Amino acid sequence: MLNYYRSKRNVWHIPFFSLAACLALASCAATPTFSTFDYARNAVNTVDSDTHQGDAANAVSDAKAKLILAEQSLEQNEVTEAQQYELEAIANAEYAAALTHRERTSQELQLLEANFQNLQRELEWREPLDLEPLQ
């Protein structure tokens, strides 16, 4: 019987520690995380440094607007709205980067096609070589 009370006496602190741990985790979940905000800011700044045309420029301006809305939401302690705006800013920045990459790739492809056509014209213009004396 004495062992029963001793074992109960040593575990009285477990519910209190588990309650404290749950409260600590809940308070951490309620505070805003700035890692996504920093990532969104870096993504927008990276995309903003490039030159954009057409749809990519619109996506960059949308990403900037969403980032500003996220900052305003964080100032007003509206964490869920801020996180939503952050994710939208990241998506718009990545979309602008993809559009810019596509535009650059299409320009490079056009340049390669023009060079290829120039080479074909040059080969057609030249007369065939007589390779018999070399043998």
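In short, a report on the structure. Predicted model, so just to flag it, every value in this text is computed and none were measured.

Here the focus is the overall build of the protein. Of regular secondary structure, the protein possesses 5 helices and 0 strands. In sequence order, the protein lays out its α and β elements as α-α-α-α-α. Looking at the protein as a whole, 17% of its 135 residues qualify as buried. Residue pairs at least 24 apart in sequence account for 69% of intrachain contacts in the protein once pairs closer than 6 positions are excluded.

All right, on to the side chain of Glu86 then. Note that Glu86 resides in helix H5 (residues 79-125). Setting aside residues up to four positions removed in sequence, Glu86 forms contacts with Thr36, Phe37, Ala40, Ala70 and Leu74.

The next subject is H5. With 47 residues, H5 should cover 69 Å at 1.5 Å per step; its first-to-last C-alpha distance of 69 Å lies within 8% of that length. For H5, the full list of buried residues reads Ala82, Glu86, Ala89, Ile90, Asn92, Ala93, Ala96, Leu99 and Thr100.

To continue, consider the nonpolar core. One finds Val44, Leu67 and Ala93 to be the most contacted residues of the largest nonpolar core, which totals 16 residues. Listing elements by their share of this core, those giving two or more residues are helix H3 (35-48), helix H4 (55-75) and H5. With 6 residues, H4 is the largest single contributor of residues to this core. Apart from residues no more than four positions distant in its own chain, Val44 is found in contact with Ala63, Lys64, Leu67, Ala89 and Ala93.

Attention now goes to H3. If you check H3, its first and last C-alpha atoms are 20 Å apart, about what 14 residues at 1.5 Å a residue would give, namely 20 Å. Listing the buried residues of H3 in full gives Phe37, Ala40, Ala43, Val44 and Val47. Looking down the long axis of H3, one finds its buried residues gathered within 125° of arc, a one-sided arrangement. Away from its buried face by more than 90 degrees, H3 exposes Ser35 and Thr46. Buried residues belonging to H3 abut H4 and H5.

This brings us to the packing of H4 against H5. H5 packs onto H4 with a crossing angle of 160° between their chain directions and a minimal axis gap of 8 Å. In terms of orientation, H4 and H5 fall into the roughly antiparallel class. Like other packed secondary-structure pairs, H4 and H5 cross with a definite hand, here left-handed. Mapping the contact onto sequence places Asp55, Ala56, Ala59, Val60, Asp62, Ala63, Lys66, Leu67, Leu69, Ala70, Ser73 and Leu74 in H4 and Glu81, Ala82, Tyr85, Glu86, Glu88, Ala89, Asn92, Ala93, Tyr95, Ala96, Leu99 and Thr100 in H5. When its residues are assigned to classes, the contact of H4 with H5 shows 15 nonpolar, 3 polar and 6 charged.

Turning our attention to the packing of H3 against H5. Contact geometry for H3 and H5: axes closest at 9 Å, N-to-C directions at 30°. Relative to H5, H3 is oriented roughly parallel. Considering how the two elements wind past one another, H3 and H5 form a crossing that is left-handed. Contacts between H3 and H5 involve Thr36, Phe37, Tyr39, Ala40, Ala43, Val44 and Val47 from the first element and Glu86, Ala89, Ile90, Ala93, Glu94, Ala96 and Ala97 from the second. Tallied by class, the residues present in the contact of H3 with H5 amount to 11 nonpolar, 1 polar and 2 charged.

Parameters at a glance
- Residues numbered from 1 in each chain as written.
- Predicted model: local features only at pLDDT ≥ 70, side-chain atom pairs only at ≥ 80, totals over all residues.
- Heavy atoms only, no water.
- Helix = DSSP H or I, 4+ residues; strand = E, 2+ residues; numbered from the N terminus.
- Buried < 20%, exposed > 50% of the residue type's maximum accessible area, 1.4 Å probe, protein only.
- Contact = heavy atoms within 4.5 Å.
- Expected span 1.5 Å × (residues − 1).
- Core = buried A, V, L, I, M, F, W, Y, C linked by side-chain atoms within 4.5 Å.
- Arc of directions from axis to C-beta.
- Axes fitted to C-alpha atoms, helices over the stretch in contact; angles between N-to-C directions.
- Parallel < 35°, antiparallel > 145°, perpendicular 65-115°, else oblique.
- Left-handed = near helix turned anticlockwise from the far one by under 90°.
- Nonpolar A, V, L, I, M, F, W, Y, C, P; charged D, E, K, R; others polar.

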